[in-house]
Amino acid sequence: WARILLEKSEWRIFHLVTWWFQTRLFVGRGLREGMIENIKYTLFWLVVLLSKISFSFFLQVRPLIKPTKELLKLSGVTYSWHEFFKNDNKFVVFIMWAPVGLIYFMDTQIWYVVFSSVLGSMIGLFSHIGEIRNIQQLKLRFPFFASAVQFNLMPEESLLPPQTWGSWLAVVKDTWRRLKLRYGLGRPFKKIESNSLEAGKFAHLWNEIITIFREEDIVSDKEVELLEIPSPSWNISVIQWPSILLSNEISVALGQAQHWQGSDRRLWRKICKNEYRRCAVIECYDSIKHLLKRIVTEGSKEYGIIERVFMEINSSIDAGTFTENYRVAELPAVHHRILALVGVLLRRPGPKDRQKIVDALQNLYEVVIRDLPTQKRQAESLRYAGLAAESRELLFVDTVELPAPNDEGFFRHLRRFHTTMNTKDGMFGVPKNLEARRRIAFFSNSLFMNMPHAPSVEKMLAFSVLTPYYSEDVIYSKEQLESENEDGVSTIFYLQKIFPDDWKNFLERMSREHGVKDPTELWAVDKVLHLRLWASYRGQTLARTVRGMMYYYRALAMLAYLDAASEVDIQQGRELLAASSLQRESEDGQEMEGLPSASSHHSLGSMGSELSTLYRRSQQRATALMKFTYVITCQIYGAQKAKKDPRAKDILYLMEKYEALRIAYVDEEVTDWDTKSYCSVLVKYDQVQEGEVEVYRIRLPGPLKLGEGKPENQNHALIFTRGDALQTIDMNQENYFEEALKVRNLLQEFTHHYGLRRPQILGIREHVFTGSVSSLAWFMSAQETSFVTLGQRVLANPLKVRMHYGHPDVFDRLWFLTRGGISKASRVINISEDIFAGFNCTLRGGNVTHHEYIQVGKGRDVGLNQIALFEAKVSSGNGEQVLSRDVYRLAHRLDFFRMLSFYYTTVGFYINNLIVVLTVYAFLWGRVYLALSGVQHSIENSNALGNSALKASLNQQFIVQLGIFTALPMLLENCLEHGFGKAAWDFFIMQLQLSSVFYTFSMGTKGHFFGRTLLHGGAKYRATGRGFVVRHEKFAENYRLYARSHFVKGIELIFLLIIYMSYGDNGGSSVVYILLTFSSWFLALSWIMAPFLFNPSGFDWLKTVDDFEDFLNWIWYRGGVLTKSDLCWEVWWNEEYSHLRTTGFWGKVFEIVLSLRFFFFQYGMVYQLKIAAHNKSILVYLFSWLYVVVAFVIYMILARAAEKYSVKQHLYYRSIQAFVTIFVILVIVLLIEFTNFEFVDLVLSLLAFVPTGWGLLSIALVFRHLLIRMSVWPIVVSVARLYELAMGIFILIPVAVLSWLPGFQSMQTRILFNEAFSRGLHISRILTGKKPNPGY
């Protein structure tokens, strides 16, 4: 605090003390944390650094000390080439230490990952994350669920008396109440009564969640009945738990009672040990009593018999003599007769079926009267007791009252009664949909986590949600759903196979609501909108995002209703509900508010439409509108309207559907002087005028887009938001209704202190909902999930360096409005605009926290090309961050240990990622140098040095392979949330599906684009698209994307590995070579083969042939002025190296220096050729350049001849070709005859001279302008085209071989789509286009 006081003070006397470390700028002052926070992250880094230094010393540095000393003393080395420094081994020592030095600077990242993963898991464990993982665990906690809802989601004022919550006593009391709630301690939290206010609120809230699930088609109608809490009816005296909780309880209770020998009290005590069993027994007893009275005419003798039977049973129960008076062994027979009766009633019997009911009642009567009592009673005795008819007439013949077939309330309760009585399994598979189960489990678990108490809706902080939108899909059109890709697969067919449960539930809902009998009817004009919305809600569309965010409005409206209902006597409303017959109303999917009404709450045990008459619906809607606004900043909405773009119509439909939705856009107007004026406009939909109306129009000084598009789009709409908080949501996100219920708790975090400060940014966790599409999507989902949960958890506490890593963080709106806004928009430097909001917040003394009791959904890229483009954008953005003043100031103003946290979690991650790649290069280039120079042979022949050098080399390679620990966060987070068994199994399956290949390939993407941005700048936004990726990417497309970032580097590594394998000694052991180069081979092959392994139909023979023809057409097409890069190789080539035309002087110097490494191949290999005859003179190398010149001259002759004679004088051109061929053959014959030349030298020459040519091309690109002026540039382009062609063929050969092998294509398909297979996806049909019906 003293340091903060000094830094923030403006007193001049303090400047005398702080001038040497504190600038006069406002930003960067007072960044110190409190003592406790400082101790926590300091201890963390002390442990990390101590482990790192110890490990580095004992396994990296120490093993190399002895070999280094011996190398320096080694003499008499026999070199295989001309060595300029023969008497000095210092360069060899440098080569040995270079990988170790790089690893030394890189492995801190690995140690950080290990310790942060362990710490994050422990924090998550103590935060109670993952305690409820499935329905079985939910079943154990459900009795305390209502109390958890009341404690966390209901207003604090109605729960606890007013207290000074800042006091320690209040904190202790609150903690104790949470402990009692979490572990069921104390009577108030053990169970709730059916007629309590707490039960009513809980039932309303729970059933509303299930209703939303049904609207989203993730549960079926049957599952709704199993999951809901029914309204209090049929005179049930206990709370009616959801049917899935009562499943099998009656069967267990019957089993306990059937052979019981003890007293009634002991039997009942045994049954009551399970709360669900107790409630199930009482509910079924009350239900059969009500059912029999319901279907028998009141006042009849049969009705009296029923009443007397239950009176006797009740008397025995009260007296504790039931087991004495009745044979409990006959209870299964009674159970069987009751099920028979209910089975008849469930078929909605008509007058013709009356006899079946009479028979069922008579059978039940016989068992209860004749068999169940312990003492058999004569007919006279029964008539005297009123339990039999006076004469021999048959009972129930004329007294049965059939229930009305349209009495939905009766049959709904009857189905519940039948399910409870008849189910003999645990129903752990309900709901069937995995997404519904995940959401129920997370919401249930979150209510037992620590969160602030919720204020009433009227007292909560108001907030807005802001979403930037440009031209993405709003609602999928009919044409988009029907259009087929090259494999004959339409979008709607693909979605049906990916989401089979959702599709089945959707058809069920459409059948119930709109009478759809056949799926083809969905394409009708009046129903196609429902189909379009269903598909859009499963893609990454604006409609999905808007629906999710508008759940805030629906949740607040419902919570406002519950707040008002808590102030009156609720008992009268519940009695009205019990007296009414519940009808399942048809829903049109348009209900928004979440308020009780006949159209939106059909027998869900909520307060019901009768109770809603006590409150004004408009009041709750107005309250929700005052507290929440949703602004979508559709930058070009005005232009879309002018062009009659269908997306503008869809946006208008969304505004009409959701009254809290506002659209902000930039309007261009042409003035009288033919100049354009620009205005920021906010519009909404007016229900009275039935159209779009303008709310605000603000004139702008000029065009909007001066910087990066997305942040500019956010900034112009920021003034249209309202409230104290602002949540930023991207186009690929969604929200859930049950999570929206906790928004009041989340906003209360702004009032709490975390350390010295209140938070200015609230981070919340995300769930990646695209993980089930393919194995690639699963890999990306697992990686992203560990980052947004475990990673963010540790960054916020204890490291205190969490920034803003994108959406959906919640900002203190007023704080940010006075400090520059939430987005920096300078072009290029702020391409990753999200994180700069976190930089700005930290530099200005703000605080960023992370909270995991609430989540939103998030979509990620699902295809390899999409993922690569996204990672290229992020990596380039991090390269620009290194150059930004924000990072510079943070690095200077943070204390040392917090600066370490900041470095290793932002730009340091990408720097270390680049160092990993450089380490592989340094290791292999060093090995190749030792092999070609002959130094390694001398070392191996030295008995004292050979073994120690080999061990040191193995240690280096072992350290590189430690990168596998970077998967530890994903594994531990999965263990925490899903259990060790499932986490281990998932990790094993991921390895079978080649996840390591994917992550290695991603490492190459990050390293390439980050390094290129550091050297040359030029980061740019790369549109990835958010569509479904099931189409086959052509080879030319993959080549364009990965040629420079992966293919060139992979081929270089393969050249190095082949040379090392050929000339390295390795003690003559193949095992040593494999141990030394395994990870390098894996890296090289991953970079080359991954685009084809993860490409649908990547190894289909016919597609491979077509791809090769397409690649040749792309290579040889000359193009024109407006030709695009996907049609012409030369256009792509010029674009790929465009950064060299804008880079600075040092960027060109570095490019030339890096290109010089390719000349080493020639220098090392020419001395290994047979023609060299072991000559070590420098003239051998210089003479080898003659071959380069000769090859270049021959190529120029052939190229010039082709250009001049190939068309008009074809025979002349063929003669020149023949002459050149004869000349080459003659030269080879002369070399064989008069020198030591052998045919193997031809192959080895490729390893020597091909890299030289590539190095010359790389340098020529730097001097492009000079070569153009010298008229040499066309030759450079021609040579480059040949290199690209050769490189493409080299890559395509293994693809073609694998495509030719039988069975490999099906195996690749299984690897790529294994997760989708488990969800019912018929990939074989998708990839071949063999659908049963078009679109279905």
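Calculation rules
- Residues numbered from 1 in each chain as written.
- Predicted model: local features only at pLDDT ≥ 70, side-chain atom pairs only at ≥ 80, totals over all residues.
- Heavy atoms only, no water.
- Helix = DSSP H or I, 4+ residues; strand = E, 2+ residues; numbered from the N terminus.
- Buried < 20%, exposed > 50% of the residue type's maximum accessible area, 1.4 Å probe, protein only.
- Contact = heavy atoms within 4.5 Å.
- Areas by Shrake-Rupley, 256 points an atom, 1.4 Å probe, with all protein chains shown as cover.
- Pairing = 2+ DSSP bridges.
- Axes fitted to C-alpha atoms, helices over the stretch in contact; angles between N-to-C directions.
- Core = buried A, V, L, I, M, F, W, Y, C linked by side-chain atoms within 4.5 Å.
- pLDDT = per-residue confidence, 0-100.
- Expected span 1.5 Å × (residues − 1).
- Parallel < 35°, antiparallel > 145°, perpendicular 65-115°, else oblique.
- Phe/Tyr/Trp six-rings, centres within 6.5 Å; stacked < 30°, edge-to-face > 60°.
- Salt bridge = Lys/Arg side-chain N within 4 Å of Asp/Glu carboxyl O.
- Polar contact = N/O pair within 3.5 Å; in protein donor to acceptor, adjacent residues only side chain to side chain.
- Patch = residues over 30% accessible without salt bridge, like charges linked within 9 Å, V, L, I, M, F, W, Y side chains within 5 Å.
- Arc of directions from axis to C-beta.

Asks: Please give an account of the overall build of the protein chain that cites residues and values.
Replies: When helices and strands are tallied, the protein chain shows 60 helices and ten strands. Split into buried and exposed, the 1336 residues of the protein chain put 58% on the buried side. The contacts in the protein chain between residues at least 6 apart in sequence include a share of 80% that link residues at least 24 apart. When the accessible surface of the protein chain is summed, it comes to about 58200 Å², and 61% of that surface belongs to carbon and sulfur atoms.

Asks: Provide a residue-level description of the sheet that holds strand 7 (residues 733-734), including the pertinent values.
Replies: Judged by pairing direction, the sheet is mixed, and its ten strands sit side by side in the order 5-4-3-2-1-6-9-8-10-7 without closing on themselves. Looking at which strands have only one partner, the edges of the open sheet turn out to be strand 5 (691-700) and strand 7. Inspection of the sheet shows strand 4 (residues 676-686) paired to strand 5 by nine bridges, in the antiparallel sense. Within strand 5, the position partnered with Tyr685 by the bridge is Glu692. Across the sheet, helix 35 (residues 775-796) is in contact with strand 8 (761-768) and strand 10 (848-858); its angle to strand 10 comes to roughly 160°.

Asks: Requested: an account of the nonpolar core, with residues and values cited.
Replies: Residues Leu291, Phe463, Phe628 and Leu741 are the most contacted members of the largest nonpolar core, which totals 164 residues. Filtering out sequence-adjacent residues up to four positions away, Leu291 remains in contact with Trp234, Val342, Leu345, Phe410, Leu414 and Phe417. Core analysis: the second largest hydrophobic core is formed by 119 residues, Val92, Ile989, Ala1172 and Met1287 among them.

Asks: Describe the confidence of the model for the protein chain, and please don't skip the residues or the numbers.
Replies: Fine structural detail should not be taken from predicted coordinates in areas where pLDDT scores are low. Chain-level pLDDT for the protein chain is 83 on average; 87% of the residues reach the 70-or-more range. Of the regions scoring below 50 in pLDDT, residues 158-166 engages in 15 contacts with residues more than four places distant in sequence or in other chains. This stretch, residues 567-615, has a pLDDT under 50; its non-local contacts, to residues over four places away or in other chains, come to 119 contacts.

Asks: Which residues make up unusual backbone geometry, and what values go with them?
Replies: Backbone geometry follows two general trends: most residues other than glycine have a negative phi, and most peptide bonds adopt the trans configuration. Following Val430, the chain continues into Pro431 via a peptide bond in cis, with omega recorded as -5°. With respect to the helices, strands and loops of the structure, Pro431 is situated in the loop between helix 19 (408-422) and helix 20 (434-446). Looking along the chain, the bond that leaves Asn797 and enters Pro798 is cis, with omega of 20°. Here Pro798 is to be found in the loop between helix 35 and strand 9 (810-812).

Asks: Can you tell me about helix 8 (residues 197-215), naming the residues and giving the values?
Replies: An ideal rise of 1.5 Å per residue puts 27 Å on 19 residues; helix 8 measures up with 27 Å between its terminal C-alpha atoms. Most of helix 8 is tucked away, with 16 of its 19 residues classed as buried. Asp217 sits one or two positions beyond helix 8 and adopts a positive phi of about 65°.

Asks: Lay out the packing of helix 11 (residues 249-258) against helix 16 (residues 331-346) with the relevant residues and their values.
Replies: Contact geometry of helix 11 with helix 16 gives a least axis separation of 9 Å together with a crossing angle of 150°. With respect to each other, helix 11 and helix 16 are oriented roughly antiparallel. Touching Ile250, Leu254, Ala257 and Gln258 of helix 11 are Leu331, Pro332 and His335, all from helix 16.

Asks: So what about the pairing of strand 4? Which residues, and what values?
Replies: Along strand 4, nine of the eleven residues are buried, which leaves the element largely enclosed by surrounding structure. Of the strand pairs in this sheet, strand 3 (residues 661-670) and strand 4 are connected by eight bridges, and their pairing is antiparallel. By the bridge assignment, Glu668 is partnered in strand 4 with Tyr678.

Asks: Requested: an account of the packing of aromatic side chains, with residues and values cited.
Replies: Under the criterion given, the structure shown has 81 aromatic pairs. Ring geometry for Trp503 and Trp534: centres 5.1 Å apart, planes at 65°, overall edge-to-face. With a gap of 31 residues between them, Trp503 in helix 23 (residues 500-514) and Trp534 in helix 24 (residues 528-536) connect regions that are remote in the sequence. Like Trp534, Trp503 is buried.

Asks: How would you sum up the pattern of salt bridges? Please name residues and give values.
Replies: For the structure on display, the rule yields 60 salt bridges. In this structure, Glu208 and Arg554 form a salt bridge, with 3.2 Å as the shortest nitrogen-oxygen distance. With Glu208 in helix 8 and Arg554 in helix 26 (residues 551-565), this residue pair connects regions lying 346 residues apart in the sequence. Neither residue differs from the other here; Glu208 and Arg554 are each classed as buried. With its nearest N and O atoms 3.8 Å apart, the salt bridge here joins Asp501 to Lys432. Here Asp501 is found in helix 23, whereas its partner Lys432 is found in the loop between helix 19 and helix 20, with 69 residues between them in sequence. Take Asp501: its relative accessible area is 18%, and that puts it in the buried class. Taking relative accessible area as the criterion, Lys432 reaches 53% and is therefore assigned exposed. Salt bridges linked by common partners bring Arg214, Asp217, Asp221, Glu508, Arg509, Arg512 and Glu513 together as one network.

Asks: So what's going on with the side chain of His767? Residues and values would help.
Replies: With respect to the element layout, His767 can be found in strand 8. For His767, a relative accessible area of 17% translates into the label buried. A polar side-chain atom of His767 sits 3.2 Å from a polar atom in the side chain of Arg438. For His767, the residues in contact, after removing those within four places along its chain, are Glu435, Arg438, Tyr736, Gln855, Val856, Gly857 and Lys858.

Asks: Tell me what's going on with the pairing of strand 1 (residues 463-469), and back it up with residues and numbers.
Replies: Most of strand 1 sits inside the fold, with seven of its seven residues counted as buried. The alternating pattern of strand 1 places Phe463, Val465, Thr467 and Tyr469 and Ser464, Leu466 and Pro468 on opposite faces, both of which are buried. Here seven bridges tie strand 1 to strand 2 (residues 628-634), and the two strands are oriented parallel to one another. Following the sheet pairing, Tyr469 is matched in strand 2 by Cys634. Alignment of strand 1 against strand 6 (residues 725-728), held across four bridges, turns out to be parallel. If you follow Phe463 over to strand 6, its bridge partner there is Ala725.

Asks: Quick one: what's the story with the environment of Trp1101, residue by residue and with numbers?
Replies: Take Trp1101: it is sitting in helix 49 (residues 1101-1116). Residue classification places Trp1101 among the partly exposed positions, given a relative accessible area of 40%. Not counting the four nearest positions on each side in its chain, Trp1101 is found in contact with Ala1296, Ser1299 and Trp1300.

Asks: Describe the environment of Leu562, with residues and values.
Replies: Mapped onto the secondary structure, Leu562 falls in helix 26. The class of Leu562 is buried, set by a relative accessible area of 0%. Separated by 362 residues in the primary sequence, Leu562 and Gly200 have C-alpha atoms spaced 9.7 Å apart. The residues touching Leu562, leaving out its near neighbours within four places in the chain, are Met154, Lys201 and His204.

Asks: Help me get a handle on a nonpolar patch on the surface, residues and values and all.
Replies: Together, Trp1101, Leu1102, Val1105, Ile1289, Ile1293, Val1297, Trp1300 and Leu1301 make up an exposed nonpolar region whose accessible area comes to about 780 Å². Ranked by the residues each element gives to the nonpolar patch, the list is headed by helix 58 (residues 1273-1300), at four residues. Note that Ile1289 resides in helix 58.

Asks: Tell me what's going on with helix 12 (residues 264-272), and back it up with residues and numbers.
Replies: Every buried residue of helix 12 is accounted for by Asp264, Leu267 and Ile271. Each buried residue of helix 12 sits inside an arc of 70° when the element is viewed along its axis, so together they form one side.

Asks: How would you sum up the side chain of Asn152? Please name residues and give values.
Replies: Structurally, the position occupied by Asn152 is in helix 6 (residues 145-153). Only 2.5 Å separates the side chain of Asn152 from the backbone oxygen of Leu447, close enough to count as a polar contact. Among all residues touching Asn152, those that are not within four sequence positions of it are Arg178, Leu181, Leu447, Met449, Met451, Pro452, Ala454 and Asn745.

Asks: Describe the environment of Arg133, and please don't skip the residues or the numbers.
Replies: Within the element layout of this structure, Arg133 appears in the loop between helix 4 (90-126) and helix 5 (135-141). Take Arg133: its relative accessible area is 35%, and that puts it in the partly exposed class. For Arg133 and Ala441, which are 308 residues apart along the polypeptide, the C-alpha to C-alpha distance reads 5.7 Å. Discounting residues that sit within four places of it in the chain, Arg133 has contacts with Ala441, Cys975, Leu976, Glu977, His978 and Gly979. In terms of polar contacts, Arg133 uses its side chain to reach the backbone carbonyl oxygen of Gly130, at 2.8 Å.

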